[in-house]
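Structure assessment
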Amino acid sequence: MIKINDVVKSFDGFRALNGLTMQVEKGSIYGLVGPNGAGKSTILRHITGVYRPDSGEILVDGQPIYENPEVKKRVFSIPDELYYFTSASTRDMMKFYRGIYPNFSMERYEALKEAFSAVDEKHPIRRLSKGMQKQSAFWLALCCQPDLLVLDEPVDGLDPVMRRQVWSLLMGDVAQRGTTVLVSSHNLRELEDVCDHVGILSKGKVLLQRSLTDLQDNVIKMQVVFDSPELPELPAELELLHASQVGRVHTLIIRGNAAQTKSLLAACQPLLMDALPLTLEEIFIYELGGEDYEVRDIVL
Amino acid sequence: MKSGTSCFNVTLFKKNLTRYWPIWALYALIWLYALPMRCVMVVSRNQLWMGETPIKQVQTFANQIPDMLEGFGVFMAATFGVLAAMAVFSYLYNNRAAGMIHSLPVRREGLFLTSYLSGLVFLLAPNALVWLLTLGAEGLCSGYVNLYTISLWLAAQSGMCIFFYSFAVFCAMFTGNLLALPAFYGILNFLALVLMFLFDVMFEPFLYGYAGMTNTAEEIVWWLTPAVRLCENVRWRNKGLGYHLEGVPELVIYTVAGLALAALALLVYRKRHIETAGDVVAVAVVRPIFKYGVALCSGLCLGYWLYAIFGVSTPFGLMGSLLLWTAIGYFAAEMLLKKSFRVFKAWRGCAVLLVLVAIGLTSLRMDAFGYVTRIPSPNKVVSVTVDGMGSYPYDEGRSFGFTTEDTDLIEKTIALHRGFVDQHRNPSSGEPLSHADYIRLNVEYKLTNGTVLRRRYGFSVWPGSKLEQPARDFYCDPKVAQLSYGMDEIDPTHLDNVEISSMWNTTSKKNEYYSLTEHIPVPEQQAALLAIYDAVMLDFEQGNLGKRYLFDLEEGRQNNTCTTDLVIYWSNPYGDRHTSPHVTAMEAATSYSRAIYSKSITLTPHAHNTIRVLTQLGVLDEDTTLRLYRDIVDEEDRAKLIYGYMGHNPEELTGITLNPNSAMGIIGGADGPTSIIVAEAR
């Protein structure tokens, strides 16, 4: 659905995107994660055709998105900072989007009234709370029935019930209409629940992008206990990302799949050995650890 | 594949109209009040109080409509033009708005065209509505409709709206800050004119003889100052042949320029980076222009202001002030661009700029380009236009302005020009406190190669100074005097009056004033006026009048001129004054709108023909006579000695015997005594 090749973008000499390359499969929910300033919002604005890249290309369904209304008709975005016309209500914005997006569905608008019943459609949006404004944005976005939905910190401000409801609606669209969702968020635990693909950005580049399953299969957390309290010399084939110790229990973060890692560690004759899957948050932190992102010890 | 289908978006267009309705509503309301509502009010009020027929009143009202274009129309177009542009392109100045609008499936061309047209409709639709309602009001009030004047208003006002709005849109494309837009717009509307003024005043101390820009450059400056040019040139005038609109070429040219600016704005918009929302300057290539432009303009404006406020009169004082404000302007611009107060790291750019400015000003002062010393050779001058002030007596010939191809006069002008330059480079020493006269000369040579050379001079000249001879050769030349008086301009068929001032009454010992129309019956006035005119012209022809003297106190001036001035008045019934549209063609022919001209001539004791006619008319007789200038100069000198006039301190005047019973006073300005009061105790 989205293909980004070697995109570079600089702002006043600062290189926000530094040869970014990534791919988003059609019908997937792609989570974009990365530290502050990694370029997440910048790449999302490129994908919605707002920014023009200095170099590289951004294709949506094989066509460049920039200045291409035919493609942009199928893309809707909910940015981190929402914008509505001054004094406009949800109903006013509905009329506006109805005139702009050909797939806008009035039936859906009426149907979703119930889901977003807390939002008074005639009330000026700027007077609504942040969470209500987000609900209004999702209501309108879902009515536009886009093929690609680009979300920047989408559920920030929503209460847990509404978060669940919004994700449920989005996943329903993905399942029924094949909508592709590209979502940027710092809430990794939540992304872990909904995303099937994840890309990690750092310093304007994609460090890695995989399906969540592959990602979780590729790094493993081992808890091992040996005879001696010290960690013995591990086989050279093991790519150790991080080691910590509590009592005699060593926690090892190792790149590789569980079976292979277990067999290699068995050579060290541990008394006890257990393989645990990593959360997305842990993967994020260990992957970025190689990028000098010094927070891993704080989180763990 | 990119789509080229969405060049206009109806939804966005409608949204603009509904979102920003206060702008077009207010614009419409003001014009509705100014035209159709006023039509109704004027007719009903005048009918009640003056009893005029409605048709007559509507005719008068309709005739005044294009008058609204002068000033008020320009103000409305300029003000609402920028307001409309600020509204419809406001999304460019807010990151959220810019992101949302540009994520919509509309191409940049479509966004621009939709926004541009919606803003234009804010102005043109009310114009059309006002046109329609004014016609309706005229028809309803009287049954009479003047389609011509209201249509003229519609076309001209719409043209001005197109220009000012498009100009504002053009400015809007270069900034990412909503408040910067009206600032840029206002500054650019007057920048050329202000810079011309500042260059004129700033160059003078550095460049001796600097006479301002060339006519072509000045003309360009006026064109680049649209608000002023339109205010000055768009006029609804009556020159006796009915009303017509002046300034149509300006209206057409500015309308076309407006459309061209809109096209340029689109080109800039296509290249604009949306992330510049919030920046003072949104287009990268314009940033250095902005930075150095602000630095130089603040140097010129505020540097001159500081110079003027503190009265630092030396060129180097001015240079210091200019450099200081250039530096301040540079860092202020840097702060605006960087949106930070921490900009002093950019000192290198500032230092380079200051060095360049200092070098530029010093080279001007040192005349590195040979501007000051450039004097054309006579054989390369086609014609010369001079105007200035100097020579005596104090009459029409003192100030002059003429163009001549006379080789003799060209040579004398060049000699005087050379005299000014020599005097500047090697000043004469020993300027006396008194008896020094200030002469002024503006000269413009038209050269054989088609170029124009202009210089402006002012200098003190005194007996024995280097400048005396070339100044005397020029200022006292009979041809210069003839051109200065310009007696052939008088229209003898429309003589109005003759006034004579400062005739001496030998009995009352007072000066007397005479006005011909107050003393001669109306039927005889024209004959008397013509007789005086003929006599004066004959005396000019015979050289009895119009002789000029370089110094006020030189012997020839004192002995050969009188204190009496004769002023001839004549008129032009369709003069070039701006006449009010309230005046009908018949009224325009009356004195209300006539242009009155006059010429004053100082009489001489040799003006036999004039004296004879004045004697025949009873103006001069045994009691009322002419007095030589020497007589009052003697009195003036005495007064100077007593009252320290012109710098003398009476306490220093030892060894001078004065009549202790006399008292004397002078009332007068810089160019000579207006009155001398003498009182002697009996």
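Residues numbered from 1 in each chain as written. Chains lettered and ligands numbered in written order. Predicted model: local features only at pLDDT ≥ 70, side-chain atom pairs only at ≥ 80, totals over all residues. Heavy atoms only, no water.

Quick look at the overall build of chain A
- Across its full length, chain A carries 11 helices and 14 strands.
- Projected onto its principal axes, the C-alpha coordinates of chain A cover approximately 70 × 40 × 35 Å.
- A buried classification covers 53% of the 300 residues belonging to chain A.
- Here the analysis covers contacts within chain A between residues at least 6 apart in sequence; of these, 67% occur between residues at least 24 apart.
- Positive and negative side-chain charges in chain A, numbering 32 and 41 respectively, have mean positions lying 8 Å apart. (Helix = DSSP H or I, 4+ residues; strand = E, 2+ residues; numbered from the N terminus. Buried < 20%, exposed > 50% of the residue type's maximum accessible area, 1.4 Å probe, protein only. Contact = heavy atoms within 4.5 Å. Lys, Arg positive; Asp, Glu negative; His and termini not counted. Charge placed at Lys NZ, Arg CZ, Asp CG, Glu CD.)

Quick look at the domain arrangement of chain B
Residues and elements named next belong to chain B.
- Here chain B is partitioned into domain 1 (10-195 + 213-271), domain 2 (288-365), domain 3 (378-485) and domain 4 (487-628).
- For domain 1 and domain 2, the distance between their C-alpha centres works out to 37 Å.
- Counting each side, the surface lost to burial between domain 1 and domain 2 is near 230 Å², with a carbon and sulfur contribution of 99%.
- Linking domain 1 to domain 2 there are 0 salt bridges.
- Our count for the contact surface shared by domain 1 and domain 2 stands at 0 residue pairs in polar contact (both at pLDDT 80 or more).
- Broken down by class, the residue content of the side of domain 1 that touches domain 2 amounts to 4 nonpolar, no polar and no charged. (Domains from an automatic or database assignment. Buried area = accessible area lost by both parts, 1.4 Å probe. Salt bridge = Lys/Arg side-chain N within 4 Å of Asp/Glu carboxyl O. Polar contact = N/O pair within 3.5 Å; in protein donor to acceptor, adjacent residues only side chain to side chain. Nonpolar A, V, L, I, M, F, W, Y, C, P; charged D, E, K, R; others polar.)

Structural notes on the side chain of B:Glu554
- You can see B:Glu554 is positioned in the loop between helix H19 (522-541) and helix H20 (555-560).
- Ignoring any residue separated from it by four or fewer positions in sequence, one finds B:Glu554 in contact with B:Arg472 and B:Tyr549.

A short note on the pattern of salt bridges
- This model, assessed by the stated rule, comprises 36 salt bridges over all chains.
- Here A:Glu81 and B:Arg96 are joined by a salt bridge, their closest N and O atoms 3.9 Å apart. Of this pair, A:Glu81 sits in the loop between strand S6 (75-78) and helix H3 (90-100) while B:Arg96 sits in helix H5 (residues 95-103), on two different chains.
- Under the relative-accessibility criterion, A:Glu81 is labelled partly exposed at 43%.
- The partly exposed category is assigned to B:Arg96, whose relative accessible area is 40%.

Considering the nonpolar core
- With 144 residues, the main nonpolar core has A:Met93, A:Tyr97, A:Phe116, B:Phe89, B:Phe164, B:Tyr165 and B:Met173 as its most contacted residues.
- Sorting elements by how many residues they give to this core places helix H7 (residues 147-172) of chain B first, with 16 residues.
- Of the domains in this structure, domain 1 (10-195 + 213-271) and domain 2 (288-365) of chain B are the two that each give at least three residues to this core.
- Once residues within four sequence positions are removed from consideration, A:Met93 is found in contact with A:Tyr84, A:Phe85, A:Ala88, A:Ile125, A:Leu140 and B:Met100.
- With 57 residues, the next largest nonpolar core counts B:Met196, B:Val201, B:Leu409 and B:Val480 among its residues. (Core = buried A, V, L, I, M, F, W, Y, C linked by side-chain atoms within 4.5 Å.)

As for the interface of chain B and chain A
- Every contact between the two is made by 31 residues of chain B and, on the other side, 29 residues of chain A.
- For the pair chain B and chain A, the two sides together bury roughly 2700 Å², of which 57% comes from carbon and sulfur.
- Remark: the boundary between chain B and chain A carries 2 salt bridges.
- Residue A:Lys9 pairs with B:Glu275 through a salt bridge whose shortest N-O separation is 2.7 Å.
- Residue assignment for the side of chain B that touches chain A shows that the elements contributing at least two residues are helix H1 (10-19), H5, helix H6 (108-142) and helix H11 (248-271) of chain B.
- Ranked by residue count, the leading element in the side of chain B that touches chain A is H5(B), at 8 residues.
- Taken together, the residues that form the side of chain B that touches chain A break down as 10 nonpolar, 9 polar and 12 charged.

A short note on the sheet that holds S6(A)
Residues and elements named next belong to chain A.
- Strand order in the open sheet formed by 6 strands is S6-S7-S8-S3-S9-S10, and the pairing between neighbours is mixed. Pairing within the sheet leaves two strands with one partner each, and these edge strands are S6 and strand S10 (205-211). Strand-to-strand twist of the sheet, defined as the mean angle between neighbouring strand axes without regard to direction, takes the value 15°.
- With 6 bridges connecting them, strand S9 (residues 197-202) and S10 associate as antiparallel partners. By the bridge assignment for S10, His197 is matched with Ser211. (Pairing = 2+ DSSP bridges. Axes fitted to C-alpha atoms, helices over the stretch in contact; angles between N-to-C directions.)

Some thoughts on the sheet that holds strand S2 (residues 14-24) of chain A
Residue and element names in this part refer to chain A.
- Spatially, the 4 strands line up as an open sheet ordered S2-S1-S4-S5, and their pairing is antiparallel. Since the sheet does not close on itself, it has two edges, and those belong to S2 and strand S5 (63-64), each with one partner.
- Sheet topology places strand S1 (residues 2-11) next to S2; 8 bridges connect them, and they run antiparallel. Note that in S2 the partner of Lys3 across the bridge is Gln23.
- On top of the sheet, helix H1 (residues 40-47) reaches S1, S2 and strand S4 (55-60); it is set at about 120° to S1, its chief contact.

Things to note about the state of the cysteines
- Taken as a whole and assessed by the stated rule, the structure comprises 0 disulfides over all chains.
- The closest cysteine sulfur to the non-disulfide-bonded B:Cys39 is located on B:Cys141, 4.6 Å from its own sulfur. (Disulfide = S-S within 2.5 Å.)

What to know about a nonpolar patch on the surface
- Taken together, the side chains of B:Leu302, B:Trp305, B:Ile309 and B:Phe310 present a nonpolar region at the surface, about 430 Å² in accessible area.
- Tracing the sequence through the fold places B:Ile309 in helix H12 (residues 286-310). (Patch = residues over 30% accessible without salt bridge, like charges linked within 9 Å, V, L, I, M, F, W, Y side chains within 5 Å. Areas by Shrake-Rupley, 256 points an atom, 1.4 Å probe, with all protein chains shown as cover.)

Comments concerning unusual backbone geometry
- Of note, the amide linkage connecting B:Tyr392 to B:Pro393 takes the cis form, showing an omega dihedral of 10°.
- Looking at the element boundaries, B:Pro393 is found in the loop between strand S3 (381-389) and strand S4 (399-404).
- Positive phi is not limited to glycine here, since A:Gln269 has a value of about 50°.
- With respect to the helices, strands and loops of the structure, A:Gln269 is situated in the loop between helix H9 (258-266) and strand S14 (272-277).

Some words on H6(B)
All names here are of chain B.
- Under the 1.5 Å per step criterion, the end-to-end length of H6 is 51 Å for 35 residues, consistent within 8% with the ideal 51 Å.
- Approximately 35° is the largest bend angle found in H6, and it occurs at Val121.
- A positive phi of about 85° marks Gly143, the residue just after H6. (Expected span 1.5 Å × (residues − 1). Bend = angle between axes of the 7 residues up to and from the residue.)

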